[in-house]
Amino acid sequence: MAFNSLEFAVFLLIVFLLYWLAFDKNAKSQNAFLLIVSYTFYALADWRFLGLIAFTTLCSYSFGLEISRHKAKSEEKKAKSMSAANIVINLLVLGFFKYFNFFVESFATVIPGIETNTTLLKVALPLGISYYTFTALSYTIDVYKGKTKATKDIVQLALYISFFPQIIAGPIGRSTYLLPQYAERRLFLYKYGVDGLRQFLWGLFKKVVIADHCAIYVQAINSSYQSQPGSAILLAIILGTFQIYADFSGYSDMAIGIARLFGIKIRKNFDNPFFSTNIAEFWSRWHISLTSWLRDYIYKPLMGWTKISIIRNILIVFIICGLWHGANWNYVLWGLYNALLFALYVFTNQWQKKTKKNHPGHILLTFTLICFGFSILGIEQSEQAQICFQKICSWETLSFLKTLFFDFSTLKRTIAIIFMLVVEWIHRNEEYPFTLNIVKNHCARLCIYYILCMVIIFSNIEGQPFIYAQF
Amino acid sequence: MHNSEKTHFLVKVILAFMPILVVLAICEILLHHCDNEYKYKNEWLSQNAKDVQVLILGPSHTRTGINPSYLSEKAFNAASMAQDFKYDYLIFSKFINQMESLRYVILPVSYATILHSLDSSSEKGYIHYYILEYNFDNQPFHLNNCFYFCHSNSIMQLFQNDTPTYAKLGNGITSTSTSRTQGWEKIAPATAKSHSASFYPEVSNKQILTIYSQNLNYAQQIVNLCEERNVHVILLTTPTYKTYWENIDPKQYDMMLDFCKQLQDEHSNVSYLNMMKDERFGYDDFYDCHHLSVDYGAIKLSTILNDYIMNTLEPQRASSIIPATETTTSE
């Protein structure tokens, strides 16, 4: 049940009314109800792996309590081994379901003479496993570090791991931020309701109007790159980058909006990443819930100040970041590419220089590098990269500007993208990317909502799943 | 405070959503009155099923690839975009009892369609037409499929001109050799790969085999219904361009041959025409690497099929039918 379906709208309406009208007595009843709803939501998408979420929850719950018990007795070693055991179990589960096929295939390719049994391969990928595993890991690591208290309320923890707006495609939850919210009874506030609906509307607009329409162009060019001119390939690379952004940030906005409707606050996952002036800034604004997770739980513990240790840490973090996105060599290559850019940025001491904020040249250069990075993800063969590169290097490529503004369907996409960037730029200092605080007139605001709704209804494209739900 | 805010919010939301609901209701009513290919085919078959002698089923390969007006017997093309064996069976079983004159069913079996299931494909946006127009009520329930406005291919009808995309006998008419994309033959290898199950590592072997056996099961049910009524089934693999068939997965190709062989072995009323690599079809006969152009390729294929029916199948059937008088005598 995708967020952009009529079924979800009905589901959300029923859940919303029941939550606030029938299960509003205290935090326990609110949590129990949301947990049932979350498990139902997941089961409707793929019931086969419901047990796996329950297993992850039970592991986190029991290990969390054990770690806490040992810490209370000052048994640091035992607490550490418990924490390590929990990490290993979670990573084994994630590794088996997400990376088994990849490693077996890669192993068979590298070592000649070894044939893989094709029936052994193709382990099905549980929906949202990368998200809820990282969410669960964050809890036990935080308990070990003493940043959060181990909860004795299993319903609360289960909800933290499986809260339905987040479970399929994040944002990845952090126990320090979310568990205290689940511990308290949520009260309905008119402002929260309006904020929630507004974020949902904005996310839906980005998904349906921008991401899905860019996807049509990108897929068409990707499947026929041999017969396409360089300008079309370049345009597909640019639109592909916006597609990924609008798709994923759209999902995040919708998840944040839905959570807000239930009185739960989730931190924003994107912060105008395309206005970054360098690669480090980009990664602090893109998929914040993942990058902050990697920073806090991998980069910081590895911390070192020698050049070699910095390079090693950057490599480790970005390869994990790449692999987290997909069990595929393209993602590893993408991770390495970003690691290289990051390392170059650090070692040319750019981070020490004060770059002029919002410098157009720097923004354009960063955006170009980002686009090139995302284009790696769409490459299926080295021959494809070679052909596309050759075509892009031709003079004809310059005519892409003509396509951008004079081809009607591309122009529509361009206008929608510009509108999105302008709106998000205006709201760059706000809590949410779409608050319309600058529009003071109530009727004008209502008109903007209606226009967005109409554009969504009349540009509805079906059958386009969320890209990040595949991770 | 808490409760009054809830009431205030709910009242405002209901009022704010009213205009949107009204727009959606108007769109839905307008779309119900719009013509579409599925509505036309359902109505045509409801009124003329008893006269149909040749029924063409299948996806776009036969929708654009066979022009019924080039067949000597009264034919109708009930094929539609991305229509799989399940929907072929549902359409066929809906009208079979009315089809008193039916003699031949043309059932396409292609490299791509043996592993195609509309219900789980990216083209599932067509499913609502079968529910809303053909009234197939045994589908898994999806709210989106109960309304036209949830589907872009429906809602776009409100903004498009009324130029029909199908002929009176149900065949597609827009895929002409002049309207095709330049360089279509170069993308054939990529298209062939995208039609191969091995191209999708996320799809398990079990899923592939499940779809294959479901499709075979539906094809068998169609053949069974035909056998009961002495109707001959022509399994047809439509022509594809050289650059397409040179890049297919041989294992999947063998699966396609096995699919047809099994149907032929189990039933006496089945013949198979594999024209996938047929050299009679050249560059101009194709709209793209796996679809024929309606102005050249479809005419050629329809003529070949007609010859096959009239010159090969008809004499065979005539000789195999025992005259009624003989049957009576022997009894």
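The structure reproduced in this document is the subject of the present report. (Residues numbered from 1 in each chain as written. Chains lettered and ligands numbered in written order. Predicted model: local features only at pLDDT ≥ 70, side-chain atom pairs only at ≥ 80, totals over all residues. Heavy atoms only, no water.)

Across its full length, chain B holds 12 helices and seven strands. Along the first, second and third principal axes, the C-alpha set of chain B runs to 90 × 55 × 40 Å. Looking at chain B as a whole, 54% of its 331 residues are labelled buried. A separation of at least 24 residues holds for 77% of the contacts in chain B among residues at least 6 apart in sequence. Each charge class in chain B was averaged separately, 24 positive and 35 negative side chains, and the resulting centres sit 4 Å apart. (Helix = DSSP H or I, 4+ residues; strand = E, 2+ residues; numbered from the N terminus. Buried < 20%, exposed > 50% of the residue type's maximum accessible area, 1.4 Å probe, protein only. Contact = heavy atoms within 4.5 Å. Lys, Arg positive; Asp, Glu negative; His and termini not counted. Charge placed at Lys NZ, Arg CZ, Asp CG, Glu CD.)

Inside soluble globular proteins, nonpolar side chains tend to come together where they are buried. Counting residues in hydrophobic clusters, the biggest one holds 225 residues, and the most contacted among them are Phe164(A), Phe262(A), Leu55(B) and Phe92(B). A total of 18 residues in this core trace back to one element, the largest contributor, which is helix H10 (residues 230–261) of chain A. (Core = buried A, V, L, I, M, F, W, Y, C linked by side-chain atoms within 4.5 Å.)

All names here are of chain B. With parallel pairing, five strands are arranged side by side in an open sheet as S2-S1-S3-S4-S5. Of all strands in the sheet, those with a lone pairing partner are strand S2 (75–77) and strand S5 (270–274), marking the two edges. If you compare each strand with its neighbour and ignore which way they point, the axes differ by 20° on average. Across the sheet, helix H2 (residues 37–48) lies against strand S1 (54–56) and S2, angled at about 155° from S2, the strand it touches most. Each of strand S4 (232–237) and S5 touches helix H10 (residues 250–266); the most contacted strand, S5, lies at about 155° to it. (Pairing = 2+ DSSP bridges. Axes fitted to C-alpha atoms, helices over the stretch in contact; angles between N-to-C directions.)

All right, on to the interface of chain B and chain A then. In this assembly, 43 residues from chain B lie in contact with 38 residues from chain A. Around 3,300 Å² of area is buried between chain B and chain A when both sides are counted, 64% of it from carbon and sulfur atoms. The interface formed by chain B and chain A includes one salt bridge. For Lys6(B), the salt bridge goes to Asp24(A), with nearest N and O atoms at 2.8 Å. At the boundary of chain B with chain A, the tally comes to four residue pairs in polar contact (both at pLDDT 80 or more). Put simply, the parts of the chain that give the side of chain B that touches chain A at least two residues each are helix H1 (2–33), helix H6 (152–155), helix H7 (188–194) and helix H8 (205–228) of chain B. Counting residues per element, the side of chain B that touches chain A draws most heavily on H1(B), at 15 residues. (Buried area = accessible area lost by both parts, 1.4 Å probe. Salt bridge = Lys/Arg side-chain N within 4 Å of Asp/Glu carboxyl O. Polar contact = N/O pair within 3.5 Å; in protein donor to acceptor, adjacent residues only side chain to side chain.)

Right, let's get into the packing of aromatic side chains. Residues and elements named next belong to chain A. For the structure on display, the rule yields 70 aromatic pairs over all chains. With a centroid separation of 5.9 Å and an interplanar angle of 85°, the aromatic rings of phenylalanine 11 and phenylalanine 164 are classed as edge-to-face. Remark: phenylalanine 164 occurs in helix H7 (residues 164–167) and phenylalanine 11 occurs in helix H1 (residues 6–21); sequence separation between them is 153 residues. For the residue pair phenylalanine 11 and phenylalanine 164, the accessibility class agrees, reading buried in each case. Judged by centre distance (5.0 Å) and plane angle (65°), the rings of tyrosine 245 and phenylalanine 274 are edge-to-face. Taken together, the positions of tyrosine 245 in helix H10 and phenylalanine 274 in the loop between H10 and helix H11 (279–285) put the pair 29 residues apart, joining distant regions of the chain. (Phe/Tyr/Trp six-rings, centres within 6.5 Å; stacked < 30°, edge-to-face > 60°.)

Turning our attention to the pattern of salt bridges. Residue and element names in this part refer to chain A. All told, the structure shown has 29 salt bridges over all chains when counted by the stated rule. Among the ionic pairs, aspartate 195 bridges to lysine 191, the shortest N-O distance being 3.1 Å. With aspartate 195 and lysine 191 both in helix H9 (residues 190–223) and four residues apart, the pair spans about one turn of that helix. Judged by relative accessible area, aspartate 195 falls into the buried class, the value being 5%. In this structure, aspartate 212 engages lysine 207 in a salt bridge whose closest nitrogen and oxygen atoms are separated by 3.0 Å.

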